[in-house]
Amino acid sequence: MSTSSDNAAPPASLPWHRRGVGRARNIKSLRALAERRLPRAIFDFVDGGAEDEVTLRENSSSYGKYRLLPRVLVDVSSTDLKTNILGRESALPFAIGPTGGAGFVWPRGDLALAKTAEAANIPYALSTTSAVSIEHMRERVSSRLWFQSYIFRQRDFTDKLIDRAYAADYEALVITVDLPVGGNRERDYRNDFAVPFKFTPRNVLDFALHPEWVYTTLRHGLPSFGNLTNFSPSKDVNAAASSVGRNYDSSFNWDDLARIRDRWSRKLIVKGVVHPLDAERLVGMGVDAMVVSNHGGRQLDSGPATIDALPQIVATVNKRAEVFVDGGVRRGSDVFKALALGADAVLLGRASLFGLAGAGPAGVERAVSILREELVRTMKLCGVTNIAEIDRQFLVSTSPFCLNANE
Ligand SMILES: Cc1cc2nc3c(=O)[nH]c(=O)nc-3n(C[C@H](O)[C@H](O)[C@H](O)COP(=O)(O)O)c2cc1C
């Protein structure tokens, strides 16, 4: 049997996936398709967050604290969504962010995500724990690629991953810093979720109830981690990588990041920042961009929603680096609000992953087109014709917690 790290195209969406996608009007419907198609353990791995999932919920719901204040009588017959991300043109003000385990939801799912990003002319960030390796991704995708790296206890292992991304001409390195230890993802424990998959009575029944996912997965090879095979000193690298955080280096600190800054001469992005003092220090260190992120509520629970953390980070950074944000973005109007609060771009996490999980490549394309169409409509209804015009004049906050939005 092949493994999902082989350098082959991801399988195409089947006719019934396409029918589902055709009916999907929003990201919520793509999530519903994903929930129907995936075994519960896999769906919960994607959908779930840490502990009581307070941060997970608030990432999304906090966008609801802002109202849009439209301008009228503007000629909005044409709108331009182009913007600059890391100094290069991007067709849309968003990128597809790193999501490990995409191969669990669709064979070689990372490639489907990257191909959609390529077609949309936006950047794509490959996760350390992708199914498709750094090199295979580069062979198949000629557009902008970023490599997201976790820091393994075996530092030379991490160094080699970074060197491989450099050799494969990745434009940027994303260092994720909000995972010194794994988050307490209780759904995964409840579902006996593990890689390699555990065959407990609960899981066997779960898989049996989702025959299409089982068939597609087995036919194209059990998911593995393309970057970690033939490379790790650990014999069971899949197991190590999947037990979130167990193999990562919790001693990683500012000095270590400075060494990476010295070593990586291209664009450096630090992902997982919510504290303005950290933002200040990162600017001082010369990072090119940071992502205001709490890992989609999968790590520290009860941290702030990223849209609430964003304004202070933007004010602190004060254009000395680019500021991206992710977490809870499910509508084009969410993208608009993030840009209005000063983000340079938004990273998609579950939005694109739900599309992939629900319907394969056609689902990812639909996710991106839904957000694009919703953003265009929001811009037109707000009297905005291009991305640079989106600013705080279009926002009113309904909560004292985000009063500083209108400063
Ligand atoms: C299934 C899944 C896997 C993820 N894997 C990674 C990863 O490998 N590296 C990383 O930096 N972030 C990872 N993330 C976090 C995302 O990059 C992003 O921060 C988060 O999904 C944003 O929240 P949203 O999904 O609500 O949009 C993952 C998120 C999900 C849902």
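(A) Focus on the site of the ligand. Lining the immediate environment of the ligand, one finds 22 residues, of which Pro98, Ser127, Thr176, Asp326 and Arg350 sit closest. Between Thr176 and the ligand, the recorded distance is 2.7 Å, taken from a side-chain N or O atom to an oxygen atom. Taking 600 Å² as the accessible area of the ligand by itself, protein coverage stands at 98%. Contributing elements (two or more residues each) for the shell around the ligand: α3 (40–47) and α17 (350–359). For the shell around the ligand, the per-class residue count stands at five nonpolar, twelve polar and five charged.

(B) Spotlight on the pattern of salt bridges. The full count for this structure, using the stated rule, is 24 salt bridges. In this structure, the salt-bridge partner of Arg37 is Glu212, at a minimum N-O distance of 2.8 Å. Note that Arg37 is positioned in helix α2 (residues 27–37) and Glu212 in helix α11 (residues 211–220), a separation of 175 residues in sequence. Here Arg37 and Glu212 have matching classes, each one buried. Two residues, Arg320 and Glu280, come together in a salt bridge whose shortest N-O distance is 2.8 Å. Separated by 40 residues along the polypeptide, Arg320 in the loop between α15 (306–317) and β10 (322–325) and Glu280 in helix α14 (residues 276–285) bring together distant segments of the chain.

(C) Spatial organisation of the packing of α14 against α15. Two numbers describe how α14 lies on α15: the axes approach to 9 Å, and their chain directions differ by 30 degrees. Here α14 and α15 pass one another in a crossing that is right-handed. Of the residues in α15, those in contact with Pro276, Ala279, Glu280 and Val283 of α14 are Gln312, Ile313, Thr316 and Val317. Of the residues that constitute the contact of α14 with α15, the class distribution is five nonpolar, two polar and one charged.

(D) Just the packing of α2 against α17, in detail. Running from N to C, α2 and α17 point in directions that differ by 45 degrees, and their axes come no closer than 7 Å. Classed by the angle they form, the pair α2 and α17 counts as oblique. For α2 against α17, the interelement crossing comes out left-handed. Together, Ile27, Leu30, Arg31, Leu33, Ala34 and Arg37 of α2 and Ala351, Phe354, Gly355, Ala357 and Gly358 of α17 make up the contact between the two elements. Residue classes in the contact of α2 with α17 are distributed as seven nonpolar, two polar and two charged.

(E) Spotlight on the confidence of the model for the protein chain. Scored by pLDDT, the protein chain comes out at a mean of 93, with 93% of its residues at no less than 70. Low pLDDT (under 50) marks residues 1–5, which in the prediction has 22 contacts with non-local residues, meaning those over four places away or in another chain. Residue range residues 403–407 is modelled with pLDDT below 50. Its contacts to residues more than four positions away, or to other chains, number twelve contacts.

Here is what the cut-offs are and how they apply
- Residues numbered from 1 in each chain as written.
- Predicted model: local features only at pLDDT ≥ 70, side-chain atom pairs only at ≥ 80, totals over all residues.
- Heavy atoms only, no water.
- Near = heavy atom within 4 Å.
- Polar contact = N/O pair within 3.5 Å; in protein donor to acceptor, adjacent residues only side chain to side chain.
- Areas by Shrake-Rupley, 256 points an atom, 1.4 Å probe, with all protein chains shown as cover.
- Helix = DSSP H or I, 4+ residues; strand = E, 2+ residues; numbered from the N terminus.
- Nonpolar A, V, L, I, M, F, W, Y, C, P; charged D, E, K, R; others polar.
- Salt bridge = Lys/Arg side-chain N within 4 Å of Asp/Glu carboxyl O.
- Buried < 20%, exposed > 50% of the residue type's maximum accessible area, 1.4 Å probe, protein only.
- Axes fitted to C-alpha atoms, helices over the stretch in contact; angles between N-to-C directions.
- Left-handed = near helix turned anticlockwise from the far one by under 90°.
- Contact = heavy atoms within 4.5 Å.
- Parallel < 35°, antiparallel > 145°, perpendicular 65-115°, else oblique.
- pLDDT = per-residue confidence, 0-100.

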